Amino acid sequence: MRSAAPAPVRRSVRSVGAPVIAALLALGGAVTGCASSGPAPAPAAAPPVDAVPTLATADGQALPIARFLISPDEDRRIEAARTALIGSCMKRFGFDYAPPALGTKPDLMTRRYYLTDAASAAAQGYHWGPSADQRQPSAAPQPPAPELQAVLGHGRGGPAGAAEPVGRTHNGIAIPPGGCLGEADDTLTRGGGILQDDAGALEINGRGFTDSMADGRVKAAFAAWSRCMKEKGQTYASPVDAVRDERWFSSPTATAPEIAAATADVDCKQRNNVVGIWFAVETAYQNRAVQADAKRLEQARKAIDVTLANAAAAKAP
């Protein structure tokens, strides 16, 4: 949220490391009635991959689930409208207030398959983002004054079960339910819109990643990568192990051994088309999941479009 005050949950942040799924869903009909005494169903077969692109990086690619998640650009448009709505509401009550800016929602493919950029590897190793001396300390946001907080409200993400006093006013003007945050949320979600990513779409996004890592085709690519790394004096079973090497966390900046490992990592990924294989396999798993849940996901897409239309109308002169 763009408010220093407690605010509704704006969105769920995409996490590549989603909860691990113990096994793929079994094929066949749903179990009904009493449990069967027969053998347990076999796990679903790995989905076929039609074509494997040659990719050095996944930047610019799109996974099937992306269409059903709020994109960074859509998120910016929604947030801009929300900021304008909150500011306009607060002005009615005599407050000149604008919510603090939120960070940009990361792109779904940003380091999806870990380090893939040779220039970044050579400069920063496995470290990511500005160096410690480039980061500027920022003061902790201060809570608004009581009167301002009462008008600002908590939106739709307020404390569970917290009942608001009925008939609240400020300067003789009725405060909307949920305050100005709630009014902005209501405006943007009017007609069935949503302000955060659909939970089912997020689950598919995380499950597709974990399923792809367990797939034999990706494991074979990892094995080829590992052999390449061994030839370069680096001993890791997979790219994940290289990223998580505890040695890299002991220094605020990349060391010479870290840069050597990172540059070898990227080179071995490219030599063995690890990103292309990984992307193709994960795409296949996501396609299957999206097809199985197509009706509900289309409803999620429609809800996002409703929010975007409301955001555009709210910002119109």
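Cut-offs applied
Residues numbered from 1 in each chain as written. Predicted model: local features only at pLDDT ≥ 70, side-chain atom pairs only at ≥ 80, totals over all residues. Heavy atoms only, no water. Salt bridge = Lys/Arg side-chain N within 4 Å of Asp/Glu carboxyl O. Helix = DSSP H or I, 4+ residues; strand = E, 2+ residues; numbered from the N terminus. Buried < 20%, exposed > 50% of the residue type's maximum accessible area, 1.4 Å probe, protein only. Axes fitted to C-alpha atoms, helices over the stretch in contact; angles between N-to-C directions. Contact = heavy atoms within 4.5 Å. Nonpolar A, V, L, I, M, F, W, Y, C, P; charged D, E, K, R; others polar. Expected span 1.5 Å × (residues − 1). Polar contact = N/O pair within 3.5 Å; in protein donor to acceptor, adjacent residues only side chain to side chain.

Under the criterion given, the structure shown has 17 salt bridges. Between arginine 296 and aspartate 198 there is a salt bridge whose closest N-O contact spans 2.7 Å. Placement of the pair is arginine 296 in helix 10 (residues 294–315) and aspartate 198 in the loop between helix 4 (179–189) and helix 5 (199–214), with a sequence separation of 98 residues. Here arginine 296 falls in the partly exposed class, since its relative accessible area comes to 31%. A salt bridge links aspartate 215 to arginine 217, with the nearest nitrogen and oxygen atoms 2.8 Å apart. With relative accessibility at 3%, the residue aspartate 215 sits in the buried group. One connected set of salt bridges, linked through shared partners, spans Asp73, Arg76 and Arg77.

All right, on to the packing of helix 5 against helix 6 (residues 216–231) then. For the pair helix 5 and helix 6, the least separation of the axes is 5 Å and the interaxial angle reads 60°. On helix 6, the residues touching Ser212, Met213 and Ala214 of helix 5 are Gly216, Val218, Lys219 and Phe222. Taken together, the residues that form the contact of helix 5 with helix 6 break down as four nonpolar, two polar and one charged.

Before going further, it helps to spend a moment on helix 6. Owing to its 3.6 residues per turn, the α-helix brings residues three or four apart onto one side. Across its 16 residues, helix 6 extends 23 Å between first and last C-alpha, which sits within 8% of the 22 Å expected from 1.5 Å per residue. Within helix 6, the full set of buried residues consists of Val218, Ala221, Phe222, Ala224, Trp225, Ser226, Cys228 and Met229. Along its buried surface, helix 6 packs onto helix 5, helix 7 (239–243), helix 8 (256–271) and helix 9 (274–292). The opening residue of helix 6, the one whose side-chain oxygen lies 2.8 Å from the backbone nitrogen of arginine 217, is aspartate 215. Within two residues after helix 6, glycine 233 carries a phi angle of roughly 85°, on the positive side.

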